[in-house]
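Observations on the three-dimensional arrangement
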Amino acid sequence: MNLRTSSSEVYRPTVSTAKQRGKLFGIGVGPGAPDLLTLRAIEILKSINVVCIPRSKADNDSLALTVAGKYIPATAEIMEVATPMTRDRQVLEAEWRRGAEKIAAKLNEGLNVAFITIGDAMLFSTYTYLLKKVCQLLPDIEVESVPGITSFAAAAAHLNTALAEGNEKLAIIPAVDDPGQLREVLRLFPNAVLMKVAGQYNEIVDVLTDMGLKDSAVYISRLGYPDQFVTDDLDSMRQKKRDYLSLILVKQGGF
Ligand SMILES: C[S@@+](CC[C@H](N)C(=O)[O-])C[C@H]1O[C@@H](n2cnc3c(N)ncnc32)[C@H](O)[C@@H]1O
């Protein structure tokens with residue numbers, strides 16, 4: 001893959017011509033609050049031609065657009081890329097290819113395209129899959145990935161607590177697989193961020209309970225959105241509808 005980046009350059013919007021390919025941006029828009037985008041992200045969005053948004057059935061109003069909408073000019077075209085909620089690799093590969101082709105077509109027209117995504121662009125995001133596919137289609141394309149504040153950085157800040165201190169280890173894991181594997185991780189890591197916890201929530205809380213860690217954990221949902229919710233009573237969420245945007249912070253040394 002040939003990624004030409006301009007990491008040390010100050011970003012200056014350019015007016016693309018039809019002869020010149022556009023530039024691809026991957027922008028992490030942060031955890032949810034519209035004032036937690038970076039200045040660089042806002043600067044790029046202000047003059048962007050096409051904004052590409054991930055859309056799945058579970059993400060009906062496109063979260064990234066909700067977060068960043070106020071910075072996107074009315075002239076920008078909004079282009080959706082399907083991100084089906086499946087783990088079937090073939091289905092996903094086909095959608096990513098379709099999405100990459102749509103993006104490549106815009107870049108070939110000389111338009112600058114920004115894929116916006118919640119949190120950080122390089123962590124559990126469709127962006128990195130699309131980026132690889134776009135670079136296969138257009139190997140010389142110019143790319144700039146703009147980091148965003150991750151959900152768990154925002155969660156730690158919200159709780160005014162450290163994610164890790166000194167030599168402490170920190171694990172970041174998507175808790176979608178066998179929650180039993182959590183035991184191994186929690187034996188090795190005193191601090192852990194458990195992401196994507198909504199589905200297997202009860203099994204995860206069972207593990208935390210068995211390990212005597214339930215009181216060393218906090219559940220955080222929709223942080224930065226008007227309906228954000230935080231509780232250290234993990235059992236209280238067992239029977240409730242859990243939002244996809246929810247995570248658990250575990251700190252065995254206490255909060
Ligand atoms: C596909 S991952 C995206 C991660 C994102 N790129 C980041 O940097 O945080 C989705 C998971 O991130 C977590 N998440 C994202 N935004 C969140 C928020 N505002 N509040 C709580 N958890 C959030 C949840 O665990 C959710 O299931």
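Criteria and thresholds
- Residues numbered from 1 in each chain as written.
- Predicted model: local features only at pLDDT ≥ 70, side-chain atom pairs only at ≥ 80, totals over all residues.
- Heavy atoms only, no water.
- Near = heavy atom within 4 Å.
- Polar contact = N/O pair within 3.5 Å; in protein donor to acceptor, adjacent residues only side chain to side chain.
- Areas by Shrake-Rupley, 256 points an atom, 1.4 Å probe, with all protein chains shown as cover.
- Nonpolar A, V, L, I, M, F, W, Y, C, P; charged D, E, K, R; others polar.
- Domains from an automatic or database assignment.
- Helix = DSSP H or I, 4+ residues; strand = E, 2+ residues; numbered from the N terminus.
- Buried < 20%, exposed > 50% of the residue type's maximum accessible area, 1.4 Å probe, protein only.
- Pairing = 2+ DSSP bridges.
- Axes fitted to C-alpha atoms, helices over the stretch in contact; angles between N-to-C directions.
- pLDDT = per-residue confidence, 0-100.
- Contact = heavy atoms within 4.5 Å.

Focus on the site of the ligand
Lining the immediate surroundings of the ligand are 18 residues, of which Asp 120, Leu 123, Ser 151, Tyr 244 and Ser 246 lie closest. Here a nitrogen atom of the ligand sits 2.7 Å away from a polar atom, N or O, in the main chain of Leu 123. Ser 151 places a polar side-chain atom, nitrogen or oxygen, 2.7 Å from an oxygen atom of the ligand. Notes on the ligand: free accessible area 570 Å², of which the protein chains cover 97%. Of the residues assigned to the shell around the ligand, the class counts are 11 nonpolar, 4 polar and 3 charged. Each of domain 1 (24-146) and domain 2 (151-251) contributes no fewer than three residues to the shell around the ligand.

Digging into unusual backbone geometry
Unlike most non-glycine residues, Phe 124 shows phi in positive territory, near 45 degrees. By secondary structure assignment, the location of Phe 124 is in the loop between strand 4 (113-117) and helix 4 (126-137). Exposure remark for Phe 124: the relative accessible area of 42% places this residue in the partly exposed category. In this model, Asn 160 sits at a positive phi of 50 degrees, which is unusual for a non-glycine residue. With respect to the helices, strands and loops of the structure, Asn 160 is situated in the loop between helix 5 (151-158) and strand 6 (170-174). In this structure Asn 160 comes out as exposed when scored by relative accessible area, which is 73%.

Topic: the sheet that holds strand 10 (residues 246-251)
In a beta sheet, neighbouring strands are held together by backbone hydrogen bonds and run either parallel or antiparallel to one another. The mixed open sheet is built from 5 strands, whose spatial order is 6-7-10-8-9. Since the sheet does not close on itself, it has two edges, and those belong to strand 6 and strand 9 (229-231), each with one partner. For this sheet, the mean inter-axis angle between neighbouring strands, taken without regard to orientation, is 15 degrees. Across 5 bridges, strand 8 (residues 217-221) lies against strand 10 in antiparallel orientation. Residue pairing for strand 10: Ile 220 is matched across the bridge by Leu 247.

Examining the confidence of the model for the protein
Here the protein shows a mean pLDDT of 91. Residues at 70 or above account for 90%. Note on residues 1-7: pLDDT under 50 across the span, and 15 contacts to partners over four residues away in sequence or across chains.

Side note on the side chain of Thr 150
Examined against the element boundaries, Thr 150 turns out to sit in the loop between strand 5 (143-146) and helix 5. Each residue touching Thr 150, except ones within four places of it in the same chain, is listed here: Pro 31, Gly 119, Asp 120 and Leu 123.

Considerations on the sheet that holds strand 1 (residues 24-28)
With respect to topology, 5 strands assemble into an open sheet ordered 3-2-4-1-5, the strand pairing being parallel. Edge strands, defined here as strands with exactly one partner in the open sheet, are strand 3 (77-82) and strand 5. Across the sheet, the axes of successive neighbouring strands diverge by a mean angle of 20 degrees, strand direction being ignored. Each of strand 1, strand 4 and strand 5 touches helix 1 (residues 39-46); the most contacted strand, strand 5, lies at about 135 degrees to it. This element, helix 4, spans strand 1, strand 3, strand 4 and strand 5 of the sheet and lies at about 175 degrees to strand 5.

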